[in-house]
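Residue-level listing of the chains:
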Amino acid sequence: MKNRHIRYTFDRKSFFGKAAVFCLVLFVVLRGIGGLLNRTIFEDRFATAEFAFPILCALLYLLCLLFFGRKWFKITVFPFVLGVMACVVRLFSYDNLMQQEMSVERILVSIFFYLVVTAVYSAVAFGGIRARIFLFFLFLVPLGYHAVFEIYPVVSSGFGLSASPVLMELSVLAIIFSMLFVSLGMSSKPRVNSIDPESGKTVVPPLPGNKLDEKPPVVTGEAPAEVPKEPSEPAPEEPKPAAEEPEPTAAHSESVSAPSAITPEPDEAVPEGDEEPSFDPFAPSTGPVQLTLNPDLGDYSAEGEDA
């Protein structure tokens, strides 16, 4: 069985597509407002870069989804990798509800998780594996992490919060929900859509009369070679009329009508005298044929009678 390459697409007009786009726009708005409220981030270059870099990555990812999500979804891997780098930079800042620096163990575990998510997302986008649902569960992990390790301790302790860190945390939740909707909005289609001749499927031709009249196609190349027709039986030949004989001329008619004068040949001369011709036994005879054993029988019989 051949391994068929899978191509994933993203329809921005579907429900999950619209939800993903809305969450990305919401992330940009919430983070922008939260950064403007906390003006202290503009006093440090690192804090300013950590604030602006995720916004640029989210806008680039949004544009790739809108323009290339349906045909070239794999292009979204580039802004996704940039967004993962922005999340790694956030681990070394005070961008959290408690506004405290994270421990080394949490930073290492978070970096390892980001690498796994990047590898799986890239493999799915390029069609290497069919793991769309697995990608959905991977994005549920940071959602549970923020709910357990950041939101719940602050709410349970009654720690007073300002508007800026709350908006920043809401923006992180918005980007997580957007990735969840992206994973649900992805659909897989085979790259080759032609019918396999070995599958046994056949195309049923339309019935005559169901198809509208169409103009004959225009042939721009050379004319196709004519198919030789089978020789048919020869038609019976009609009898040709006899050629008319020319009318005889006058000279010819006279020569035909006048009988030619036939002169009889003279009989052979009979030799004079009483001498009879010598007897030839092989000569034809005019009388009856006599069968004799001795050709001289006639002379002998005549001499006997005289005696």
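Predicted model, so just to flag it, every value in this text is computed and none were measured. (Residues numbered from 1 in each chain as written. Predicted model: local features only at pLDDT ≥ 70, side-chain atom pairs only at ≥ 80, totals over all residues. Heavy atoms only, no water.)

Visitor: Describe the overall build of the protein chain, listing the residues and the values that go with them.
Guide: Helix and strand counts for the protein chain stand at 8 helices and 2 strands. Across the protein chain, helices and strands are ordered from the amino to the carboxyl terminus as β-α-α-α-α-α-α-β-α-α. Expressed as a percentage of its 307 residues, the buried residues of the protein chain come to 27%. Sequence separation of at least 24 residues holds for 75% of the intrachain contacts in the protein chain that already meet a minimum separation of 6. Element-wise, carbon and sulfur atoms account for 63% of the exposed surface of the protein chain, whose accessible area totals about 24,300 Å². (Helix = DSSP H or I, 4+ residues; strand = E, 2+ residues; numbered from the N terminus. Buried < 20%, exposed > 50% of the residue type's maximum accessible area, 1.4 Å probe, protein only. Contact = heavy atoms within 4.5 Å. Areas by Shrake-Rupley, 256 points an atom, 1.4 Å probe, with all protein chains shown as cover.)

Visitor: Which residues make up the packing of helix H2 (residues 45-68) against helix H3 (residues 77-91), and what values go with them?
Guide: Where H2 meets H3, the axes come as close as 9 Å, and the angle between the chain directions of the two elements is 155°. One element, H2, and the other, H3, form an angle in the roughly antiparallel class. Taken as a pair, H2 and H3 cross one another with a handedness that is left-handed. Residues Phe46, Glu50, Phe53, Pro54, Cys57, Leu60, Tyr61 and Cys64 of H2 lie in contact with H3, whose contacting residues are Phe78, Pro79, Phe80, Leu82, Gly83, Met85, Ala86, Val89 and Arg90. In terms of residue class, the contact of H2 with H3 is built from 14 nonpolar, 1 polar and 2 charged. (Axes fitted to C-alpha atoms, helices over the stretch in contact; angles between N-to-C directions. Parallel < 35°, antiparallel > 145°, perpendicular 65-115°, else oblique. Left-handed = near helix turned anticlockwise from the far one by under 90°. Nonpolar A, V, L, I, M, F, W, Y, C, P; charged D, E, K, R; others polar.)

Visitor: I'd like a description of the environment of isoleucine 175, backed by residues and values.
Guide: Here isoleucine 175 lies in helix H6 (residues 163-185). Along the backbone, isoleucine 175 and alanine 58 are 117 residues apart, and their C-alpha atoms lie at a distance of 8.3 Å. Among residues more than four places away in sequence, those in contact with isoleucine 175 are Leu24 and Phe27.

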